[in-house]
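Residue-level listing of the chains:
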Amino acid sequence: MKILISVLSLNKEPYIGLEKTIRETWASKSHEDVEVIYYYGDSNEIKLIGDRLFLDSSEGLMGIGYKTLKMYEYVLENFTFDYIFRTNSSSYVNIEKLLDFIENKPKEKFYSGVIGKYGGFNFASGSGYFISKDLVDLVVRERNKWDHKLIDDVSLGKLMSENNVKIYRGNRVNLTTMDKIIPEGYHYRIKHPLNRNNDIIMMKKIHNKYANKQTT
């Protein structure tokens, strides 16, 4: 089983600082079954430099769908994986718990995340969702049906619904402060309401809380 974690990234603050913190915390240890890449738009050409994938698509909220489709196309041709876990730079991922969650899940037609609803269909929140390789291939084949008028995670959910793909409920811990007991999970969405630089502080605190468990 191989998981490709693709981190939606942006070359401006606070995202540069968040990516640096990811590299220093949850992505600092290599795992045999997990590979992490960071993907960006606004490039003149498609190129992979180390673990940074640069794509010739626009940035901005409504450009994420185009950027994600190009990421899907690239990784299908250049990476070996069974699942993608697509997340963003304001997320902390407990990789050991992520592996535990996916261990007994279907290898095909697996689409999972925190479930939202739009119109008459459900979608997995874009802050962190699983999608199996066969479904990535499906999306690339049917990319002309991707609805770019919608936010990318909603568009993906729409396409999954049109192909009768079941959505599996995923888990996520939502953090705006560290003033409460933090349960152990595989995905933490971090978003301080006043100062996004505090996201970095919270990410480091989560890592300090669970790092020993991830490295034993």
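What comes next is a walk through the structure. (Residues numbered from 1 in each chain as written. Predicted model: local features only at pLDDT ≥ 70, side-chain atom pairs only at ≥ 80, totals over all residues. Heavy atoms only, no water.)

1. Topic: the packing of helix H2 (residues 64–78) against helix H4 (residues 133–141)
Selection rule: Geometry is summarised by axes, namely lines fitted to C-alpha atoms with helices restricted to the contacting stretch, and by angles between N-to-C directions that run from 0 to 180 degrees. Secondary structure counts use DSSP, requiring at least four H or I residues in a row for a helix and at least two E residues in a row for a strand, with both numbered from the N terminus. Working definition: roughly parallel below 35 degrees, roughly antiparallel above 145 degrees, roughly perpendicular at 65 to 115 degrees, and oblique for all remaining angles. Crossings are sorted by hand: turned counterclockwise from the far helix by less than a right angle, the near helix makes the crossing left-handed, and turned clockwise it makes it right-handed. By the convention used here, residues are in contact when the closest approach between their heavy atoms is within 4.5 Å. Charged means Asp, Glu, Lys or Arg here, nonpolar means Ala, Val, Leu, Ile, Met, Phe, Trp, Tyr, Cys or Pro, and polar covers whatever is left, Gly included.
Interaxial distance between H2 and H4 falls to 10 Å at its minimum, and their mutual angle equals 120 degrees. With respect to H4, the axis of H2 lies oblique. Our pair here, H2 against H4, has a crossing hand that is left-handed. Contacts between H2 and H4 pair Leu69, Tyr72, Glu73 and Leu76 from the former with Lys133, Val136, Asp137, Val139 and Val140 from the latter. Taken together, the residues of the contact of H2 with H4 sort by class into six nonpolar, no polar and three charged.

2. Here we look at the nonpolar core
Rules: By nonpolar core we mean a set of buried residues, namely Ala, Val, Leu, Ile, Met, Phe, Trp, Tyr and Cys, connected to one another through side-chain atoms within 4.5 Å. In this scheme, a residue with accessible area under 20% of its type's maximum is buried, one over 50% is exposed, and one in between is partly exposed, where area comes from a 1.4 Å probe on protein chains only.
Grouped together as the largest cluster of nonpolar side chains are 34 residues, with contacts concentrated most on Tyr72, Ile84, Tyr111, Ile131, Val139 and Leu156. Listed by contribution, the elements that provide at least two residues to this core are strand E1 (3–8), strand E2 (34–40), H2, strand E8 (121–132), H4 and helix H5 (152–162). A total of six residues in this core trace back to one element, the largest contributor, which is H2. Discounting chain neighbours no more than four positions away, the residues touching Ile131 are Tyr72, Tyr83, Ile84, Phe110, Val136, Val139 and Leu156. Among the nonpolar cores identified, the runner-up in size contains 33 residues, and Tyr38, Val93, Phe110 and Tyr210 belong to it.

3. Let's talk about the sheet that holds strand E6 (residues 91–93)
Stated precisely, the cut-off is as follows: Whether two strands pair comes down to DSSP finding at least two bridges between them.
In spatial order, the strands read E6-E11-E10; together these three strands make up an open sheet with mixed pairing. Both outer strands of the open sheet, E6 and strand E10 (173–175), are each paired with one neighbouring strand and no more. This sheet shows a mean twist of 20 degrees between the axes of neighbouring strands, independent of strand direction. Summarising the sheet, E10 and strand E11 (residues 187–190) pair through three bridges and their orientation is parallel. Bridging from a neighbouring strand, Val173 pairs with Tyr188 of E11.

4. Quick word on the packing of H4 against H5
In contact at an axis separation of 11 Å, H4 and H5 are set at 95 degrees when each is read in the N-to-C sense. Between H4 and H5, the angle falls in the class roughly perpendicular. On the side of H4, the interface is formed by Leu135, Leu138 and Val139, while H5 contributes Leu156, Leu159 and Met160. In terms of residue class, the contact of H4 with H5 is made up of six nonpolar, no polar and no charged.

5. Focus on the sheet that holds strand E5 (residues 83–88)
An order of E3-E4-E2-E1-E5-E8-E7-E9 is seen for the eight strands of this open sheet, with the pairing classed as mixed. Two strands close off the open sheet at either side, each with one partner strand: strand E3 (47–49) and strand E9 (168–169). Strand contacts of helix H1 (residues 15–24): E1, E2, strand E4 (52–54) and E5, with the helix running at about 170 degrees to E2, the strand carrying the most contacts. Strands in contact with H2 are E1, E2, E3, E4, E5 and E8; relative to E5, the strand with the most contacts, it is inclined by about 150 degrees.

6. Observations regarding the pattern of salt bridges
Under the convention used in this document: By salt bridge we mean one thing: a side-chain nitrogen of Lys or Arg within 4 Å of a carboxyl oxygen of Asp or Glu.
For the coordinates displayed, the defined rule picks out 13 salt bridges. Measuring nitrogen to oxygen at the nearest pair gives 3.3 Å for the salt bridge that ties Lys149 to Asp147. What makes Asp147 buried here is its relative accessible area of 12%. Here the salt bridges share partners, and the residues they tie into one network are Glu19, Arg23, Asp51 and Arg52.

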